[in-house]
Amino acid sequence: DAGVIQSPRHEVTEMGQEVTLRCKPISGHNSLFWYRQTMMRGLELLIYFNNNVPIDDSGMPEDRFSAKMPNASFSTLKIQPSEPRDSAVYFCASSSPVLAVLTDTQYFGPGTRLTVL
Amino acid sequence: AQSVTQPDIHITVSEGASLELRCNYSYGATPYLFWYVQSPGQGLQLLLKYFSGDTLVQGIKGFEAEFKRSQSSFNLRKPSVHWSDAAEYFCAVGARAGGTSYGKLTFGQGTILTVHP
């Protein structure tokens, strides 16, 4: 299995530009998570989906952030407009909770390192 | 709501020495517990997990962890550390079932392990 795939691995952009991060979960997994990792705040859950439906987006910092999951094999996290404080590593993870009510192992992608100048 | 505390931000050990990384959790019932490891520039990799049964859990790379309900702890141990174990270690807790918490993991702030030769 290829594991969770994220693209791009690195992104450098200027303030005000739109940024789109992409994630392909492990085939057969029905839960997908977006995290942000910074030195100051550690690992933060931004949003998670179950069966392509957003379940909890309380971690999304502002309206500038949006996430979609149009199908079971693809998700995007968009930042528009981007700001320097958005610079971080963004991780996508997927899991397959049993019976949709039990927590199970999350498998992480390699991350996207975003730098906003 | 669940929470995780890793009291040690940074630990330094000599190669060959034993290791114990502390993790305390807060949760209303018996939680699901995880330890992940993150090498520089990489995503998080699962070391081990506790769901039920034997409270001493064996993981990959020679790691083990013990769930102690009375102390709300899930400390990670290794009898002899190798230089390749240098990384950041995260403890995480997941809700058992139900509600909007299912599927979510709450991570601690992480413990950075440095290994001296």
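(A) Structural view of the overall build of chain B. Secondary structure summary: chain B contains zero helices and 12 strands in total. When the elements of chain B are put in sequence order from the N terminus, they spell out β-β-β-β-β-β-β-β-β-β-β-β. The globule rule puts the C-alpha radius of gyration for 117 residues at 13 Å, and the 14 Å found for chain B is close to it. By the burial criterion, 45% of the 117 residues in chain B qualify as buried.

(B) Inspection of the environment of G108 of chain B at higher detail. By the secondary structure assignment, G108 of chain B is in the loop between β11 (105-107) and β12 (111-116). G108 of chain B has contacts with V4, Q6, F90 and C91 of chain B, leaving out every residue within four places of it along the chain.

(C) Inspection of the packing of aromatic side chains at higher detail. Inspection of every chain in the model, using the stated rule, returns 15 aromatic pairs over all chains. Judged by centre distance (5.6 Å) and plane angle (90 degrees), the rings of Y35 of chain A and F107 of chain B are edge-to-face. You can see Y35 of chain A sitting in strand β4 (residues 31-38) and its partner F107 of chain B sitting in strand β11, one on each of two chains. Here the two residues Y35 of chain A and F107 of chain B agree in accessibility, since each one is buried. On the basis of an interplanar angle of 80 degrees and a centroid distance of 5.8 Å, the ring pair of F34 of chain B and F51 of chain B is categorised as edge-to-face. Residue F34 of chain B is located in strand β5 (residues 32-38), and its partner F51 of chain B is located in the loop between β6 (44-50) and β7 (56-58); the two are separated by 17 residues in the primary sequence. Of the aromatic side chains, those joined through ring pairs into one cluster are F33, Y35, Y48, F91 and F108 of chain A together with Y32, F34, Y36, F51 and F107 of chain B.

(D) How the structure looks around the sheet that holds strand β8 (residues 74-79) of chain A. Residue and element names in this part refer to chain A. With respect to topology, four strands assemble into an open sheet ordered β1-β3-β8-β7, the strand pairing being antiparallel. In this open sheet, the two strands that pair with only one neighbour each are β1 (5-7) and β7 (65-71). Across the sheet, the mean angle separating the axes of adjacent strands is 15 degrees when strand polarity is ignored. Direction of pairing for β7 relative to β8: antiparallel, over a ladder of five bridges. Counterpart to A67 in the pairing with β8 is L77.

(E) Region of the structure containing the state of the cysteines. Per the counting criterion, the structure on display carries two disulfides over all chains. Paired through a disulfide, C23 of chain A and C92 of chain A show a sulfur-sulfur distance of 1.9 Å. Disulfide C23 of chain A to C92 of chain A: torsion about the S-S bond roughly -70 degrees, handedness left-handed. Taken together, the positions of C23 of chain A in strand β3 (residues 19-24) and C92 of chain A in strand β9 (residues 88-95) put the pair 69 residues apart, joining distant regions of the chain. Of the two residues, C23 of chain A and C92 of chain A, both sit in the buried class. Linked covalently through their sulfurs, C23 of chain B and C91 of chain B form a disulfide whose S-S length is 1.9 Å.

(F) Region of the structure containing the pattern of salt bridges. Summed over the entire model, instances satisfying the criterion amount to 12 salt bridges over all chains. The partner of E44 of chain A in a salt bridge is R41 of chain A, and the shortest N-O contact between them spans 2.8 Å. For R41 of chain A, a relative accessible area of 54% corresponds to the exposed category. For K78 of chain B, the salt bridge goes to D85 of chain B, with nearest N and O atoms at 2.8 Å. Overall, D85 of chain B belongs to the buried group, its relative accessible area being 3%.

(G) Expanded view of the layout of surface pockets. Estimated volume of the largest pocket: approximately 660 Å³. Along its surface, the largest pocket is lined by 28 residues, and Q37, T38 and M39 of chain A together with Q38 and E88 of chain B are the ones closest to its centre. For the lining of the largest pocket, the secondary-structure elements that each account for two or more residues are β4, β9 and β11 (112-116) of chain A together with β10 (87-94) of chain B. Ranked by residues supplied to the lining of the largest pocket, first place goes to β11 of chain A with four residues.

Thresholds applied
Residues numbered from 1 in each chain as written. Chains lettered and ligands numbered in written order. Predicted model: local features only at pLDDT ≥ 70, side-chain atom pairs only at ≥ 80, totals over all residues. Heavy atoms only, no water. Helix = DSSP H or I, 4+ residues; strand = E, 2+ residues; numbered from the N terminus. Rg over C-alpha atoms; globule rule 2.2 N^0.38 Å. Buried < 20%, exposed > 50% of the residue type's maximum accessible area, 1.4 Å probe, protein only. Contact = heavy atoms within 4.5 Å. Phe/Tyr/Trp six-rings, centres within 6.5 Å; stacked < 30°, edge-to-face > 60°. Pairing = 2+ DSSP bridges. Axes fitted to C-alpha atoms, helices over the stretch in contact; angles between N-to-C directions. Disulfide = S-S within 2.5 Å. Salt bridge = Lys/Arg side-chain N within 4 Å of Asp/Glu carboxyl O. 1 Å grid on protein atoms, 1.4 Å probe; cavity = no way out; pocket = protein on both sides within 12 Å on 5 of 7 lines; lining within 4 Å. Points joined across faces, edges and corners; volume = space filled by probe spheres on them.

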